[in-house]
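Commentary on secondary and tertiary structure
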Amino acid sequence: MDSPDLWAGLPTLEDPPGGDDTAPDAWEDPIPLTGRRERPTFPAHVFPAWLGEFVTAVAEETQTPVDLAGSVALAVLATAAGGRSVVHVRGNWREPTNLFTVVALPPANRKSAVFALLTNPLYEAEKQLKAAMKPVIVEAELTARLAKEAADKAAAKAASADGDKRDEIVATAVGLAQTADTLTVPAEPVLLADDSTPETVTSLMAEQGGRLSVMSAEGGIFDIIAGRYSGAPNMEVFLKGHAGDRLRVNRQTRREYIDAPALTIGLAVQPDVLRDIGKVKGFEGRGLLARFLYSLPVSTVGDREIITDPVPEETAATYTARVIDLALSLADWTDPAVIQLSPEADTALIAYQKRIEPQLKARGGKLGHISNWAGKLAGATARMAALLHLAEHGGNGYAHPVTAATMGAAIELGEYYTAHALAVFDAMGADPVVGRARSVLEALRDNGWDDVSRRDVFTVLSRSEVPTVADLEPALALLEDHGYLRTYQPERTGKRGRPPAPRLQVHPDVRNTGR
C-alpha cells in the first residue's frame, strides 16, 4: 500500500466518469512532447524600405535565409547607434539601444559572405572616424608631451631652488605637473572588435566612451567567455555591457571605469554551438543566455539557385550611405540622444507587455520555462523600436517620437524572436519538466508497466533529476495532457482508512514500442 504520509493530498485529475476503477479502453495517439516548433521567417518588411530592400537582396544573391541578413542588420544598427542613444519608455525606464543577436545555421550557409556585405559600411565609418580624429590625436599628443617636459623641467628647478623664491618655484612646478596630468590623448576610434577576451573588450569599451561591438561569423566568443584562456567563465563585462550597468575594474595592473557601457554582439554560429553553450555552467544562471535574440532559420543548402541576381548597385549604395551617416552623426554625442515614444507607441507596448505577462507563469505559462529570457522581451522590443526609428530618421531621430507603426514593427520582431527562442531553448534542454517527462517515459518503457503507482515511478527515477514528489507532478501532468498517461482513482478495498492513492494507466504504445 502507498504511504499515506508521502502520497496523501497529491493533486489528481478528474476521476473517470461513474467512478470506475479502470480508465476507458480506447486510446488516441499521444501527442509528441516536443514537436517541431513553428519558426516564422524573418519579417524583413518591418524595416524601412532602404534596409528591407538591401536585406532581401543580400538573401537573394547569397541564397541564404533572410533571417541571417535581417538579424545581422539589427546588430549593424545597434553598432551605429549603441552607446550614443537611449530610448525613454516611461517614468524612469530607459533602455540603451545596443543588442545581442545570434543566428544559428549549419556549415556551407555563406555566413561570412553575408556578414561582409552587411558590416562593410561600419568599417568604412570607422575609417572615416579615424581620419577625422587623427589631427586631434596628433595635437593632443604634442600638447601632452610639451606639458610633461615643462613639468619635468619645473620639478628639476624646484628641487635645486633655495632661498626666498623656492616656495614660488615649487608652486609653479606643482601647477605645471597638475596641468600635465589632466591632459589626455583621445583613443583612435574603434567600432568593431572580433572574438576578443573579456579584458580586451573592457579596455576597448573604456577607451571608446563605453561603446563597442563584437561582430563575428563564428562562435568563438562563447568559448572565450566560458574560460578558454582563463580557465573560468568571465562574463561580467558582457552582462553589464548589455544592461548598461556601471562597470568598474580595479586590479593591480589596470583601473577602468565605464559609467554607461553599451556592448553590441552580432554572431552567426553553427547550431551545435548553441546546444553546447546551454551546458556551460553559469551561462543560464547568470543570465547571459537571456540577453540574446536568437534566430534558428531553416537552411537553404540543397535548394539554392546557382545563378542569382546581384544586389542592385543603387540599393547597396543607399545602404552604405545610410549606415555610415547614422554612425557618424551620433559618434560625437557624449550624453546619449534620447529617443521618446509617442503616447500611441507606449500604448502599443503596454498592450504587448500585458499579453506577455501571463505567459511567464512557471506553471502553465507558454514562456514559463524561459522566463529569464522572456522577462527581457519588452525591453528588447523597445530597443528594436528605437533602432527602427533611427533607421527611418537617421541621427536626428531624437527630434521625432517613435510612432505606433514603428512600435508595431518592433513587436512583430519580438514575436519572431520569441518563436525562435523557444526552439533554441528546446535544443538547449531549458525546460526541466519536458526532460523529466522524457525520463518518466523511459522508466515506463523499461519496466513495461501498464498500471503503476506514482510512488513506483518516483522510486526508479534519479534523485538528482527528480529530487521530490512535487518535482514529479508537473511531468506526470504534461504526459497526461499529451495522452501518454491516465490518472484514475481505484475503489476502496475496505470501509476504513484513507482512500487508495490515485494510480496511472500507461498508453499501450509506450509499453509496446517505447514511443
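Residues numbered from 1 in each chain as written. Predicted model: local features only at pLDDT ≥ 70, side-chain atom pairs only at ≥ 80, totals over all residues. Heavy atoms only, no water.

So, the nonpolar core
By size, the foremost hydrophobic cluster in this structure holds 116 residues, and its most contacted members are Leu-118, Tyr-294 and Trp-373. In terms of residues, this core owes the most to one element, helix α14 (residues 404-428), which gives 13 residues. Apart from residues lying up to four places away in sequence, Tyr-294 is in contact with Val-102, Leu-274, Leu-289, Trp-373, Tyr-417, His-420, Ala-421, Val-424, Phe-425 and Met-428. Counting 24 residues, the second largest nonpolar core, distinct from the first, contains Val-440, Val-452, Val-466 and Leu-485. (Core = buried A, V, L, I, M, F, W, Y, C linked by side-chain atoms within 4.5 Å. Buried < 20%, exposed > 50% of the residue type's maximum accessible area, 1.4 Å probe, protein only. Helix = DSSP H or I, 4+ residues; strand = E, 2+ residues; numbered from the N terminus. Contact = heavy atoms within 4.5 Å.)

Brief notes about the packing of aromatic side chains
Evaluation of the coordinates by the stated rule reveals 11 aromatic pairs. With centroids separated by 5.1 Å and ring planes inclined at 50°, the aromatic side chains of Phe-100 and Phe-292 adopt a geometry described as tilted. Here Phe-100 is found in strand β3 (residues 100-104), whereas its partner Phe-292 is found in strand β9 (residues 292-295), with 192 residues between them in sequence. Of the residues examined, Phe-100 reaches a relative accessible area of 1% and is grouped as buried. (Phe/Tyr/Trp six-rings, centres within 6.5 Å; stacked < 30°, edge-to-face > 60°.)

Let's talk about helix α10 (residues 313-331)
A rise of 1.5 Å per residue sets the reference length of α10, with its 19 residues, at 27 Å; its end C-alpha atoms lie 27 Å apart and thus fit the reference within 8%. Contacts from the buried residues of α10 go to α2 (49-62), α3 (66-81), α4 (111-160), β5 (211-216), β10 (337-340) and α13 (377-393). (Expected span 1.5 Å × (residues − 1).)

Digging into the sheet that holds strand β13 (residues 503-506)
With antiparallel pairing, 3 strands are arranged side by side in an open sheet as β11-β13-β12. Each edge of the open sheet carries a strand with a single partner, namely β11 (451-453) and β12 (485-488). Going from strand to strand, the sheet's axes swing by 30° on average, the running direction of each strand aside. Two strands pair when backbone bridges link them, and β11 and β13 are joined in this way by 3 bridges, in the antiparallel orientation. Considered in β13, the bridge of Ser-453 is made with Arg-503. The sheet contacts of helix α17 (residues 469-481) involve β12 and β13, and relative to β12 the element is tilted by about 110°. (Pairing = 2+ DSSP bridges. Axes fitted to C-alpha atoms, helices over the stretch in contact; angles between N-to-C directions.)

Notes on the pattern of salt bridges
Summed over the entire model, instances satisfying the criterion amount to 13 salt bridges. Residues Asp-346 and Arg-90 are paired through a salt bridge, measuring 2.7 Å at the closest nitrogen-oxygen approach. One end of the pair, Asp-346, is in helix α11 (residues 343-356); the other, Arg-90, is in strand β1 (residues 85-90), with 256 residues separating them in the sequence. Relative accessible area serves as the criterion here: at 16%, Asp-346 is assigned to the buried category. The partly exposed category is assigned to Arg-90, whose relative accessible area is 25%. In this structure, Asp-272 engages Arg-275 in a salt bridge whose closest nitrogen and oxygen atoms are separated by 2.2 Å. On the criterion of helical spacing, the pair formed by Asp-272 and Arg-275 is a turn pair, its members being 3 residues apart in helix α9 (residues 271-277). (Salt bridge = Lys/Arg side-chain N within 4 Å of Asp/Glu carboxyl O.)

Focus on the environment of Ala-243
Relative to the elements of secondary structure, Ala-243 occurs in helix α8 (residues 236-243). Sequence spacing of Ala-243 and Ala-260 is 17 residues, and the spatial spacing of their C-alpha atoms is 8.9 Å. Aside from chain neighbours lying at most four places away, what touches Ala-243 is Pro-96, Arg-291 and Arg-383.

What about unusual backbone geometry?
Even without being glycine, Ala-108 reaches a positive phi, approximately 70°. The exposure class of Ala-108 is exposed, given its relative accessible area of 53%. In this structure, Arg-110 takes a positive phi of about 60° despite not being glycine. Tracing the sequence through the fold places Arg-110 in the loop between β3 and α4.

As for helix α15 (residues 432-447)
In this model α15 runs 22 Å from its N-terminal to its C-terminal C-alpha over 16 residues, within 8% of the 22 Å that 1.5 Å per residue would give. Buried residues of α15: Val-434, Arg-436, Ala-437, Ser-439, Val-440, Leu-441, Ala-443 and Leu-444, and no others. Backbone geometry just after α15 places Gly-448 at a positive phi near 65°.

Thoughts on the packing of α4 against helix α5 (residues 166-182)
Where α4 contacts α5, the two axes come as close as 8 Å, and the packing angle between them is 155°. With respect to α5, the element α4 is oriented roughly antiparallel. Relative to α5, the crossing made by α4 is left-handed. Counted together, Ala-147, Lys-148, Ala-150, Ala-151, Ala-154, Ala-155, Lys-157 and Ala-158 of α4 and Arg-166, Ile-169, Val-170, Ala-173, Leu-176, Ala-177 and Ala-180 of α5 form the full contact between these two elements. For the contact of α4 with α5, a count of residues per class yields 12 nonpolar, no polar and 3 charged. (Parallel < 35°, antiparallel > 145°, perpendicular 65-115°, else oblique. Left-handed = near helix turned anticlockwise from the far one by under 90°. Nonpolar A, V, L, I, M, F, W, Y, C, P; charged D, E, K, R; others polar.)

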